[in-house]
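These are the residues of each chain, in order.
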Amino acid sequence: MSARKASALSKKSPQVTKKSATAKPVKNAQNGKKLTGRARTLSSKTVYKGKVFWVTSDEVLEPGGIRARRDVVRHNGSVVILAIDGSKNPEDPEILLIRQYRHAAGQFLLEIPAGRIEPGEKLLPAAKRELLEETGYRARKWTRLVRYYASPGFVAESMDILLAEDLVHAPGEGTPDEDERIEVHPTPLSEAVRLALTGKLHDGKSLIGILFYATRRLITI
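What comes next is a walk through the structure. (Residues numbered from 1 in each chain as written. Predicted model: local features only at pLDDT ≥ 70, side-chain atom pairs only at ≥ 80, totals over all residues. Heavy atoms only, no water.)

1. Let's talk about the overall build of the protein chain
Right, on to step 1. Helix and strand counts for the protein chain stand at 4 helices and 10 strands.
Right, on to step 2. For the protein chain, the N- to C-terminal ordering of α and β elements is α-β-β-β-β-β-β-β-α-β-β-β-α-α.
Right, on to step 3. Counting all 221 residues of the protein chain, 34% fall into the buried class.
Right, on to step 4. When contacts within the protein chain are restricted to residue pairs at least 6 apart in sequence, those whose partners lie at least 24 apart make up 54%.
Right, on to step 5. Here the protein chain displays about 15000 Å² of accessible surface, and carbon together with sulfur accounts for 53% of that area. (Helix = DSSP H or I, 4+ residues; strand = E, 2+ residues; numbered from the N terminus. Buried < 20%, exposed > 50% of the residue type's maximum accessible area, 1.4 Å probe, protein only. Contact = heavy atoms within 4.5 Å. Areas by Shrake-Rupley, 256 points an atom, 1.4 Å probe, with all protein chains shown as cover.)

Okay, structure coming up:
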């Protein structure tokens, strides 16, 4: 390549600018300020009340001056249990998956155990109850992993995932609800991750719990 062509290419080459790795908060484009605070409820009406959840139609004034009507599915909250058994293979511990039919999805799903928190019930007792009812296991060690909202656009339900370890089988001590038919499937963590990453695990809480736990085993924050 001639010196003249090399010089021309050098002039056309874009300058690379290094950007800071620190994430900056997104500001309101209208006034350049970061929005904070909570919405103020101007009115609220219950338009549906069922056994598990209820729906309200709320008129609210949200941060930034937005006035809107929001229909919200209300729920007491749920607890999700990632039950881990490392007694056979600590490097690839088993996860207690359950299989049950879900009418809303129209199919059988593999999931990690979960259930609603009853009114007045605390998080840990609810987790212990659900684990025993759905799997027939107890756990000696409990750790809170993460809280998330499954669909915050219109569902107020929060879901807390708890890690249950040092499992003890307690057959006959817990039974599922009358409208539940549950199969327990102990599954190696590596297989559960494979199911998640190949699109064969379709339950949201299970995807979050399994991949969160698997990632945390690899990365120290």
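2. Brief notes about the pairing of strand 9 (residues 158-169)
Right, on to step 1. Among the 12 residues that make up strand 9, 9 are buried, leaving the element largely enclosed by the rest of the structure.
Right, on to step 2. Of the strand pairs in this sheet, strand 4 (residues 78-85) and strand 9 are connected by 6 bridges, and their pairing is parallel. Bridge pairing in strand 9 places valine 80 opposite isoleucine 161. (Pairing = 2+ DSSP bridges.)

3. Digging into the packing of aromatic side chains
Right, on to step 1. Summed over the entire model, instances satisfying the criterion amount to 2 aromatic pairs.
Right, on to step 2. Their ring planes at 45° and their centres at 5.7 Å tell us that tyrosine 48 and phenylalanine 53 sit as a pair that is tilted.
Right, on to step 3. Their ring planes at 70° and their centres at 5.3 Å tell us that tyrosine 101 and phenylalanine 108 sit as a pair that is edge-to-face.
Right, on to step 4. Judged by relative accessible area, which is 44%, tyrosine 101 ranks as partly exposed.
Right, on to step 5. Lying across the ring of tryptophan 54, lysine 49 places its NZ or CZ 5.1 Å from the centre. (Phe/Tyr/Trp six-rings, centres within 6.5 Å; stacked < 30°, edge-to-face > 60°. Lys NZ or Arg CZ within 6 Å of the ring centre and 35° of its normal.)

4. Section: a nonpolar patch on the surface
Right, on to step 1. Judged by side-chain polarity, Val47, Tyr48, Val52 and Phe53 come together as a nonpolar surface patch covering roughly 350 Å² of accessible area.
Right, on to step 2. Its place among the elements puts valine 47 in strand 1 (residues 40-49). (Patch = residues over 30% accessible without salt bridge, like charges linked within 9 Å, V, L, I, M, F, W, Y side chains within 5 Å. Salt bridge = Lys/Arg side-chain N within 4 Å of Asp/Glu carboxyl O.)

5. Side note on the environment of valine 47
Right, on to step 1. We classify valine 47 as exposed; its relative accessible area is 51%.
Right, on to step 2. Taking the C-alpha atoms as reference points, valine 47 and aspartate 71, separated by 24 residues in sequence, lie 9.1 Å from one another.

6. Points about helix 4 (residues 204-218)
Right, on to step 1. A rise of 1.5 Å per residue sets the reference length of helix 4, with its 15 residues, at 21 Å; its end C-alpha atoms lie 21 Å apart and thus fit the reference within 8%.
Right, on to step 2. When helix 4 is considered as a whole, its buried residues turn out to be Lys205, Ser206, Gly209, Ile210, Tyr213 and Ala214. Axial view of helix 4: buried residues confined to an arc of 145°, hence all on one face. (Expected span 1.5 Å × (residues − 1). Arc of directions from axis to C-beta.)

7. Focus: the environment of aspartate 177
Right, on to step 1. Positionally, aspartate 177 belongs in the loop between strand 9 and strand 10 (183-188).
Right, on to step 2. Counting along the chain gives 47 residues from aspartate 177 to glutamate 130, while the straight-line C-alpha distance between them is 10.0 Å.

8. Quick word on unusual backbone geometry
Right, on to step 1. We note that aspartate 166 has phi near 55°; this positive angle belongs to a residue other than glycine.
Right, on to step 2. Inspection of the secondary structure assignment puts aspartate 166 in strand 9.

9. Focus on the sheet that holds strand 1
Right, on to step 1. Ordered in space as 1-2-3, the 3 strands form an open sheet in which the pairing is antiparallel. At either margin of the open sheet sits one strand with a lone partner, and together these are strand 1 and strand 3 (66-74). Strand-to-strand, the axes of this sheet are offset by a mean angle of 20°, without reference to chain direction.
Right, on to step 2. As paired strands, strand 2 (residues 54-62) and strand 3 are joined by 9 bridges and run antiparallel to one another. (Axes fitted to C-alpha atoms, helices over the stretch in contact; angles between N-to-C directions.)

10. Observations regarding the pattern of salt bridges
Right, on to step 1. Per the stated rule, a full pass over the model turns up 17 salt bridges.
Right, on to step 2. Measuring nitrogen to oxygen at the nearest pair gives 2.9 Å for the salt bridge that ties glutamate 62 to arginine 70.
Right, on to step 3. Note on arginine 70: relative accessible area 37%, which makes it partly exposed.
Right, on to step 4. With a closest N to O distance of 3.1 Å, arginine 140 and aspartate 166 form a salt bridge. Separated by 26 residues along the polypeptide, arginine 140 in strand 8 (residues 137-149) and aspartate 166 in strand 9 bring together distant segments of the chain.
Right, on to step 5. A relative accessible area of 58% means that arginine 140 is categorised as exposed.
Right, on to step 6. Three or more residues joined by partner-sharing salt bridges are found here, namely Arg102, Glu111, Asp203 and Lys205.

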